[in-house]
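A look at the structure
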Amino acid sequence: MRSMSRHGMYVVESLRGLRDKCKVWYVGGLGLDIPAEHREAVAEELGSGFQCIPVFVEASKARDFEDFCHDTLKPIFHFVHPTSQEVCVSFNNALDANAREQSRTEGAKWQLYCAVNLEYVQPIVQNFNDGDCVFAFDLELLMCPTLLGSRARTANICF
């Protein structure tokens, strides 16, 4: 990821204390492009040595995902009000031709964002046991609770 969230690190540190009471697994991206032929060995090493399940996102997809999070979601959730010309146009219902094209592009970015969130959800569902607690944090994973809840109905999901 482009930058590590302070809040995310706080959550990770807080969860360390739970290890004495329950089994804690971490699911996340590595921030590296791991060649396909090495992914199984990397996943095995991280799983057995660190209780981590890596999510391997293609480099081009990861870059577009990070751009969307940084350029679109971060300003929305960090109190940036729509005052610039471009942002105001994107919120305007009466879009001109250029803005409609930009809107289609943003729609594709949103679909990519949801697809990457689904890539994070899939290993959780594969390793899920009834009643497990799942913590998702930070704006990169906003869709995970919805996507996970529809696939693991007995999950206790915290965001």
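Now for a quick tour of the structure. Predicted, not measured: the structure shown is a model, and the values here were computed from it.

Tallying secondary structure elements over the protein gives six helices and four strands in all. By the burial criterion, 26% of the 159 residues in the protein qualify as buried. Considering only contacts within the protein whose residues lie at least 6 apart along the sequence, 67% involve residues at least 24 apart. Total accessible area on the protein is roughly 10900 Å²; 55% of this is exposed by carbon and sulfur atoms.

Its location among the elements puts Glu 119 in helix H5 (residues 97-126). At 2.6 Å, the side chain of Glu 119 forms a polar contact with the side chain of Lys 61. Here Glu 119 is in contact with Val 55, Phe 56, Val 57 and Lys 61, once residues within four sequence places are set aside.

So, on to helix H2 (residues 36-50). Across its 15 residues, H2 extends 21 Å between first and last C-alpha, which sits within 8% of the 21 Å expected from 1.5 Å per residue. Phi for Gln 51, located one or two positions after H2, is positive at around 55 degrees.

Let us now look at unusual backbone geometry. Look at Gln 51: it is not a glycine, yet its phi comes out positive at around 55 degrees. One can find Gln 51 in the loop between H2 and strand S2 (52-55).

Time to look at the nonpolar core. Judged by nonpolar contacts, the single largest core of 25 residues is most densely connected at Tyr 113 and Tyr 120. Put simply, the parts of the chain that give this core at least two residues each are helix H3 (59-77), H5 and helix H6 (144-149). At seven residues, H5 tops the list of elements feeding residues into this core.

With that out of the way, let us pick up the packing of aromatic side chains. The full count for this structure, using the stated rule, is four aromatic pairs. The interplanar angle of 50 degrees and the centroid separation of 5.4 Å between the aromatic rings of Phe 68 and Tyr 113 together place this pair among those described as tilted. Of this pair, Phe 68 sits in helix H3 while Tyr 113 sits in helix H5, placing them 45 residues apart in sequence. For Phe 68, a relative accessible area of 5% gives the class buried. The rings of Phe 65, Phe 68, Trp 110 and Tyr 113 are connected pair by pair, giving a single aromatic cluster.

Inspection of the entire model under this criterion finds zero disulfides. With no disulfide of its own, Cys 144 has Cys 114 as its nearest cysteine by sulfur position, at a separation of 9.9 Å.

Burial along strand S1 (residues 26-29) is one-sided: the face carrying Tyr 26 and Gly 28 is buried and the face carrying Val 27 and Gly 29 is not. Examined bridge by bridge, S1 and S2 share four bridges and lie parallel to one another. Bridge pairing links Gly 28 to Pro 54 in S2.

Our focus in this paragraph is the pattern of salt bridges. Applying the stated rule across the entire model yields two salt bridges. The shortest N-O distance in the salt bridge between Asp 33 and Arg 39 comes to 4.0 Å. We note a salt bridge from Glu 119 to Lys 61, for which the minimum N-O separation is 2.6 Å. Here the residue Glu 119 occupies a position in helix H5, and Lys 61 occupies one in helix H3, the gap between them amounting to 58 residues. Since its relative accessible area comes to 18%, Glu 119 is described here as buried.

Side chains three or four residues apart in an α-helix point the same way, a direct result of the helix having 3.6 residues per turn. Given a rise of 1.5 Å per residue, 19 residues ought to cover 27 Å, and the 25 Å separating the end C-alpha atoms of H3 matches this to within 8%. Helix geometry: H3 is bent most strongly at Cys 69, by close to 30 degrees. Those residues of H3 that fall on the buried side of the exposure criterion are Ala 62, Phe 65, Phe 68, Cys 69 and Leu 73.

Calculation criteria
- Residues numbered from 1 in each chain as written.
- Predicted model: local features only at pLDDT ≥ 70, side-chain atom pairs only at ≥ 80, totals over all residues.
- Heavy atoms only, no water.
- Helix = DSSP H or I, 4+ residues; strand = E, 2+ residues; numbered from the N terminus.
- Buried < 20%, exposed > 50% of the residue type's maximum accessible area, 1.4 Å probe, protein only.
- Contact = heavy atoms within 4.5 Å.
- Areas by Shrake-Rupley, 256 points an atom, 1.4 Å probe, with all protein chains shown as cover.
- Polar contact = N/O pair within 3.5 Å; in protein donor to acceptor, adjacent residues only side chain to side chain.
- Expected span 1.5 Å × (residues − 1).
- Core = buried A, V, L, I, M, F, W, Y, C linked by side-chain atoms within 4.5 Å.
- Phe/Tyr/Trp six-rings, centres within 6.5 Å; stacked < 30°, edge-to-face > 60°.
- Disulfide = S-S within 2.5 Å.
- Pairing = 2+ DSSP bridges.
- Salt bridge = Lys/Arg side-chain N within 4 Å of Asp/Glu carboxyl O.
- Bend = angle between axes of the 7 residues up to and from the residue.

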